[in-house]
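# Notes for the structure review
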Amino acid sequence: VSIVTLIISLALLIFRRKGLKLLILAFLLLALALLYYIINYNEIFFFRIRNEMYRYNLWAKTLRMISDYFFTGVGAGNWKIAFPAYGLAEFHGLFADGWVSWVWPHNEWLATLSETGPVGLIGMLIFFGAVLRLFWKRLFSNGNGTIDKPILLFLAGILIYLGYTLFSFERERIEHLILLILLVA
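Values in this document were obtained by computation on a predicted structure and should not be read as measured data.

What follows covers helix 7 (residues 149–164). Compared with an ideal rise of 1.5 Å per residue, which puts 16 residues at 22 Å, helix 7 spans 22 Å between its outermost C-alpha atoms and is within 8% of the ideal. Among all positions in helix 7, only I151, L155, G157, I158, Y161 and L162 are buried. Seen along its axis, helix 7 keeps its buried residues to an arc of 155°; they face one direction. The secondary structure elements touched by the buried residues of helix 7 are helix 6 (108–139) and helix 8 (174–184).

Given below as structure tokens:
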């Protein structure tokens, strides 16, 4: 997905206009991604079932944690400490035995709400809302009524980052934080 986004972004900068070339490039990239998926279907499919079950259980138990500690949260960084109290039986192997544990629920929004309560979640919403609003205002502010393409790319980058936070834990990965800082700066 990242490579496809990068190539399409570069194509937008190179061609500087919408056209058939960009459409053909996007179609070819999607066809290559589909071909890769078809070739590796069994491996991807069986990994995804297990992974999706784990995420579903992580999120369901995190939602229970949020309902128990809605106003205060469990405290910053305490999700990993509070989580085992909600049960590990649904997980297999080392996870069920308690030898290995997760640090975050693989969803930045649920992690923030479960640890800091609504105050932390509102803070995140205000931050990202202000950033999106700023980029949206700058998108058409070049004076000639056209879209400012670099701003469009930054806006797309922020939206992709926000989508990624639904399935990952951004606080633990420095490269994602650096990307966010570069996009916002």
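Now that the structure has been shown, we can carry on.
This part takes up the environment of Y69. By the element assignment, Y69 lies in the loop between helix 3 (41–68) and helix 4 (79–82). Taking relative accessible area as the criterion, Y69 reaches 39% and is therefore assigned partly exposed. Separated by 44 residues in the primary sequence, Y69 and L113 have C-alpha atoms spaced 9.4 Å apart. Discounting chain neighbours no more than four positions away, the residues touching Y69 are V74 and Y86.

Our focus in this paragraph is the confidence of the model for the protein chain. A residue-level look at the protein chain finds 68% of positions with pLDDT of 70 or above and a mean pLDDT of 78. Element-level mean pLDDT values for the protein chain span from 60 in helix 1 (residues 2–15) up to 92 in helix 6.

Membership of the largest hydrophobic core comes to 13 residues, with the highest contact counts inside it found for W109, F128, F135, I158, L162 and L180. Within the residue set of this core, elements represented by two or more residues are helix 6, helix 7 and helix 8. With 6 residues, the single largest contributor to this core is helix 6. In this structure, F135 is in contact with I151, F154, L155, I158 and L183, ignoring residues within four places of it in sequence. Residues A82, F83, L88 and F91 belong to the second largest nonpolar core, which totals 11 residues.

The residue H106 is located in the loop between helix 5 (94–97) and helix 6 in this model. Judged by relative accessible area, which is 15%, H106 ranks as buried. Contact partners of H106, with chain neighbours within four places excluded, come to R55, L58, W59, L166, F167, S168 and F169.

This next bit is on the packing of aromatic side chains. A ring pair, where both rings are aromatic, is described by two values, the distance of the centres and the angle of the planes. Inspection of the entire model under this criterion finds 6 aromatic pairs. Measuring from centroid to centroid gives 5.0 Å for F127 and F128, while their planes differ by 75°, and the two rings are edge-to-face. Here F127 falls in the partly exposed class, since its relative accessible area comes to 38%. Ring centres of F135 and F154 lie 6.2 Å apart, and the angle between their planes is 20°; on these two criteria the pair is classed as stacked.

On to the side chain of E115. Secondary-structure assignment places E115 in helix 6. Judged by its relative accessible area of 2%, E115 falls in the buried class. Among residues more than four places away in sequence, those in contact with E115 are T72, G73, V74, G75, A76, G77, N78, W79, W104 and R171.

Among the surface-exposed residues, W136, F140, I147 and L152 lie close enough to one another that they form a single nonpolar patch of about 390 Å² accessible area. Relative to the helices and strands, L152 resides in helix 7. Among the residues examined, L152 registers a relative accessible area of 32% and is labelled partly exposed.

Conventions used here
- Residues numbered from 1 in each chain as written.
- Predicted model: local features only at pLDDT ≥ 70, side-chain atom pairs only at ≥ 80, totals over all residues.
- Heavy atoms only, no water.
- Helix = DSSP H or I, 4+ residues; strand = E, 2+ residues; numbered from the N terminus.
- Expected span 1.5 Å × (residues − 1).
- Buried < 20%, exposed > 50% of the residue type's maximum accessible area, 1.4 Å probe, protein only.
- Arc of directions from axis to C-beta.
- Contact = heavy atoms within 4.5 Å.
- pLDDT = per-residue confidence, 0-100.
- Core = buried A, V, L, I, M, F, W, Y, C linked by side-chain atoms within 4.5 Å.
- Phe/Tyr/Trp six-rings, centres within 6.5 Å; stacked < 30°, edge-to-face > 60°.
- Patch = residues over 30% accessible without salt bridge, like charges linked within 9 Å, V, L, I, M, F, W, Y side chains within 5 Å.
- Areas by Shrake-Rupley, 256 points an atom, 1.4 Å probe, with all protein chains shown as cover.
- Salt bridge = Lys/Arg side-chain N within 4 Å of Asp/Glu carboxyl O.

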